[in-house]
Structures are given as C-alpha cells and as structure tokens.
Amino acid sequence: MTTTQRIDPPLVADERTMLDTWLDFHRSTLALKCEGLNDEQLREASVPPSELTLLGLVRHMAEVERSWFRNRLAAEGAKPLYYTDQDEDGDFHNIGLADTAGTFATWQAEIEHARGLVQGRSLDDLGQLRDASVSLRWIYVHMIEEYARHNGHADLLRERIDGATGD
C-alpha cells in the first residue's frame, strides 16, 4: 500500500513554483523508494565493500537539508546529526544501530523546517558557502541535483532488495 503522494511538477509555471515542485517531487521519490520495506531491508547495503543503504541515504538527505537551509541560508549554526569531524560520512555508517522511524521523522522535520525557512524569501536572497555568497536559487538547484543523484542510487538499491523498479 502506497502512502507517499508524489505530484508531478507542472509543465508550465513561474520559476519559484517550478523549483519548489521539483524539489518536493524528488523528496517524495526518495520516500517512495523506501516505502514498504522493513528495517532490515532499509539497512541492506548495495554490494560489498559499499556501505550505501536506503537508510543511509535518508540520513544523508536529512543532513543535506539541514546544512543547506539551516546553516548556509539561515546561518542557524545547527550541529550535524549523524556525522562528525572524525567520521565525515557518519550519515552512511553505523546503520545497524540507527533508529529507522526516528531517522525518517528527522528527515521529514528537516524538510518542514526548510520549507519554513524559504517561505517569503526571494530566490535572490543570499546565504554563505565558506567565504562566498550563494543565492537561494542556487541552493534550490543544488538540492534538486543532490536528490536526483541519490534517487538514482535509491533506484538501484531498491531493485537489488526486492526487484522493484520504476521512477
């Protein structure tokens, strides 16, 4: 039973609507790729020696949402959720110990926080990326690219787990 609703972006719309709907489309795509799987399946790695899992991708995207919207756009200074200076890929590691439901709730909370942070902002509003300014427009495009790339990984992971394919 599918519970995630994914809405196709409009074919014609203003720039902001296009960016918002494409980002939400890709967010929903990752959720769909994970839907219907049990905790063990969400923790299943692709192929050795890779540690890539669907749960790791969800943790990673929670970090990405947090980093780009909270920290780079809004300068909130939010601490990392899953990685450290000692383990920069921590979002992909220690998946066996991860709270699956908590991970999905955290990811959704980061998405909702991001939506709140962009509401009412101009696409020309600036955030910081190291010593350079970065526009909200650029952040949207980057986020769409980040999700699209990782949704490709999720496609392959899901097919390996149970044979499910699709967009």
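Up top you'll find the structure we're talking about.
Residues numbered from 1 in each chain as written. Predicted model: local features only at pLDDT ≥ 70, side-chain atom pairs only at ≥ 80, totals over all residues. Heavy atoms only, no water.

Caption draft 1: Up close: the overall build of the chain. Counting its regular elements, the chain contains 5 helices and 2 strands. Reading the chain from its N end, one meets helices and strands in the order α-α-α-α-β-β-α. On C-alpha atoms alone, the chain measures out to a radius of gyration of 16 Å, which is about the 15 Å that the 2.2 N^0.38 rule sets for 167 residues. Overall, the chain is about 45 × 40 × 25 Å in size when its C-alpha atoms are taken along their principal axes. (Helix = DSSP H or I, 4+ residues; strand = E, 2+ residues; numbered from the N terminus. Rg over C-alpha atoms; globule rule 2.2 N^0.38 Å.)

Caption draft 2: The pattern of salt bridges, seen in detail. Considering all chains together, one arrives at 15 salt bridges under this definition. Between E145 and R149 there is a salt bridge whose closest N-O contact spans 2.9 Å. You can see E145 and its partner R149 sitting in helix α5 (residues 136-162), 4 residues apart, about one turn around the helix. Given a relative accessible area of 35%, E145 falls into the partly exposed group. (Salt bridge = Lys/Arg side-chain N within 4 Å of Asp/Glu carboxyl O. Buried < 20%, exposed > 50% of the residue type's maximum accessible area, 1.4 Å probe, protein only.)

Caption draft 3: Layout of the packing of helix α3 (residues 54-73) against helix α4 (residues 100-118). For the pair α3 and α4, the least separation of the axes is 9 Å and the interaxial angle reads 25°. Relative to α4, the element α3 lies roughly parallel. Judged by the sense of rotation from one axis to the other, the crossing of α3 with α4 is left-handed. Contacts from L55, V58, R59, M61, A62, E65, R66, F69, R70 and L73 in α3 reach T100, T103, F104, T106, W107, E110, I111, H113, A114, L117 and V118 in α4. Its residues placed into classes, the contact of α3 with α4 shows 12 nonpolar, 4 polar and 5 charged. (Axes fitted to C-alpha atoms, helices over the stretch in contact; angles between N-to-C directions. Parallel < 35°, antiparallel > 145°, perpendicular 65-115°, else oblique. Left-handed = near helix turned anticlockwise from the far one by under 90°. Contact = heavy atoms within 4.5 Å. Nonpolar A, V, L, I, M, F, W, Y, C, P; charged D, E, K, R; others polar.)

Caption draft 4: Spatial organisation of unusual backbone geometry. One non-glycine residue, A75, lies in the positive phi region at around 50°. Locating A75 in the fold gives a position in the loop between α3 and α4. Using a relative accessible area of 63% as the deciding quantity, one classes A75 as exposed. Residue N94 is not a glycine yet carries a positive backbone phi of 55°. Residue placement: N94 occurs in the loop between α3 and α4. Judged by relative accessible area, which is 54%, N94 ranks as exposed.

Caption draft 5: Region of the structure containing the pairing of strand β2 (residues 132-135). Of the pairings in the sheet, the one linking strand β1 (residues 126-129) to β2 comprises 4 bridges and is antiparallel in character. Each residue of the ladder has a partner; that of G127, found in β2, is V134. Where β1 hands over to β2, the hairpin turn is made up of 2 residues, of which R130 adopts a positive phi near 55°. (Pairing = 2+ DSSP bridges.)

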